[in-house]
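Structure at a glance
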Amino acid sequence: MEIDRLEAKLKHRDELAAPSPGSVRRTALHAETGEDLGLLRGALKHDAAICAMVALPTTGQLAVGLDSGIVVVWDASSRAQLHAIETAGAPGSPIAAMAHEALLQLTATIREDGTVQIWDARWEEFGRIATPKGGDDRAPSSLALLPPHFGSAHGSVCVGFTDGTIMVWPLT
C-alpha cells in the first residue's frame, strides 16, 4: 500500500514537471511532492534553458545561468527575483558553468565562448578573464573559485576544458 502511494506521488510530480508540447515549463518543483516552489514564476520571459546554477549560502540566494547568457538571481526564502544580469561574451553563447566561493563572497560565470566574469556579493562585476581559444575540441566545461590558502594570496579562478586542461588564474 505504501509503495502504491509513493508511485502515485511520483507520477503526479512527473505530470506537473512535463511541459505541454511546444511550451517551456518555468517552475521549480519539490522532487518528492511535486509542490511548485515558486522560484521561477514569471521571471523568464523567453525560451532560455537553464544551463547552470549555484547556491550562495551566506546570502540565501540562488543564481541560475541561462543559455541566453543571462544570470537570474533569486532570494531563496522570499522567492523574489533580485537581479537579471546580461553577462559579457559572444551573442548567443550560453552560460557553461558557475561557481561560488563563500569566504571571498565571489561568484563566477563562464560562457561557452570562454568569457569568465567574477561578481561580488552585490552582483557588481569584480573582474573578467578571456580564456585562450583551443579549437573545436576545447570548450570550457567547469569552473571553480579557490579561497586564498590554495596557492594565491587573494584566491584563484580555475577553468576546466573538455580537452582535459585546467587553467588557473590568481585573483588580484
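Cut-off values and rules
- Throughout this description, residue numbers start from 1 for each chain and increase along the sequence as written.
- Where totals are concerned, whole chains, interfaces and linings use all residues; where local detail is concerned, this predicted model gives features only for residues with pLDDT of at least 70, and gives and counts side-chain atom pairs only at 80 or more.
- Only hydrogens and water are set aside when side-chain values are computed; all heavy atoms of the structure are taken into account.
- Secondary structure counts use DSSP, requiring at least four H or I residues in a row for a helix and at least two E residues in a row for a strand, with both numbered from the N terminus.
- It only takes one pair of heavy atoms within 4.5 Å for two residues to be counted as in contact.
- Each nonpolar core is a collection of buried residues, namely Ala, Val, Leu, Ile, Met, Phe, Trp, Tyr and Cys, held together in the definition by side-chain atoms within 4.5 Å.
- Burial here depends on accessible area, computed with a 1.4 Å probe over protein chains only, as a share of the maximum for the residue type. Under 20% is buried, over 50% is exposed, and the range in between is partly exposed.
- Two strands qualify as a pair provided that DSSP identifies no fewer than 2 bridges between them.
- Helix axes are fitted only over the stretch in contact, all axes being lines through C-alpha atoms; the angle between N-to-C directions runs from 0 to 180 degrees.
- Only the six-membered ring of Trp is used, alongside the rings of Phe and Tyr, when aromatic pairs are assigned; centres must lie within 6.5 Å, and planes under 30 degrees apart are stacked while those over 60 apart are edge-to-face, with the rest tilted.
- Placement of a positive charge over a ring is assigned whenever Lys NZ or Arg CZ falls within 6 Å of the ring centre and within 35 degrees of the normal to the ring plane.

1. Concerning the side chain of Thr-115
Residue position: Thr-115 is located in strand 7 (residues 115-119). When sequence neighbours within four positions are dropped, the list of residues in contact with Thr-115 reads Ala-88, Gly-89, Thr-109, Ile-110, Arg-128 and Ile-129.

2. Considering the nonpolar core
Counting 16 residues, the largest nonpolar core has Ile-110, Val-116, Ile-118, Leu-143, Val-157 and Val-159 as its most contacted members. Residue assignment for this core shows that the elements contributing at least two residues are strand 5 (95-101), strand 6 (106-111), strand 7, strand 9 (140-146) and strand 10 (156-161). Residues in contact with Val-159, not counting those within four places in the same chain, are Ile-110, Val-116, Thr-131, Pro-140, Ser-142, Leu-143, Thr-165, Ile-166, Met-167 and Trp-169. Judged by nonpolar contacts, the second largest core, of 11 residues, contains Ala-63, Ile-85, Ile-95 and Trp-119.

3. Focus: the pairing of strand 11 (residues 166-170)
Where strand 10 and strand 11 come together, 5 bridges link them in antiparallel fashion. Across the sheet, Val-157 pairs through a bridge with Trp-169, a residue of strand 11.

4. Overview of the sheet that holds strand 6
Pairing between sheet strands relies on hydrogen bonds along the backbone, with the strands arranged either parallel or antiparallel. The sheet built from 4 strands is open, its strands ordered 5-6-7-8 with antiparallel pairing. For this open sheet the edge positions go to strand 5 and strand 8 (125-130), each flanked by a neighbour on one side alone. Neighbour-to-neighbour, the strand axes of this sheet turn through a mean angle of 15°, independent of strand direction. Relative to strand 7, strand 6 runs antiparallel, the two being bridged by 4 bridges. In the sheet register, Ile-110 faces strand 7, and the bridge partner there is Val-116.

5. Quick notes on the environment of Leu-56
Along the chain, Leu-56 falls in strand 1 (residues 50-56). Taking the C-alpha atoms as reference, Leu-56 lies 9.2 Å from Leu-106; in sequence the two are 50 residues apart. If sequence neighbours within four positions are ignored, Leu-56 has contacts with Gln-61, Ala-63, His-100, Thr-107 and Trp-123.

6. Thoughts on the environment of Val-64
Inspection of the secondary structure assignment puts Val-64 in strand 2 (residues 61-66). Residue Val-64 is classed as buried on the basis of its relative accessible area, which comes to 2%. In this structure, the C-alpha to C-alpha distance between Val-64 and Val-54, residues 10 residues apart in sequence, is 6.7 Å. Setting aside its immediate chain neighbours within four residues, Val-64 contacts Ile-50, Ala-52, Met-53, Ile-70, Val-71, Val-72, Trp-74 and Met-98.

7. Regarding the packing of aromatic side chains
Tallied over the full model, the rule gives 1 aromatic pair. Between Trp-119 and Trp-123, the aromatic rings sit 6.2 Å apart at their centres with planes inclined by 40°, giving tilted as the arrangement. The pair Trp-119 / Trp-123 is uniform in exposure class, with both members buried. The lysine or arginine in question, Arg-138, covers the ring of Phe-161, its NZ or CZ lying 4.0 Å from the ring centre.

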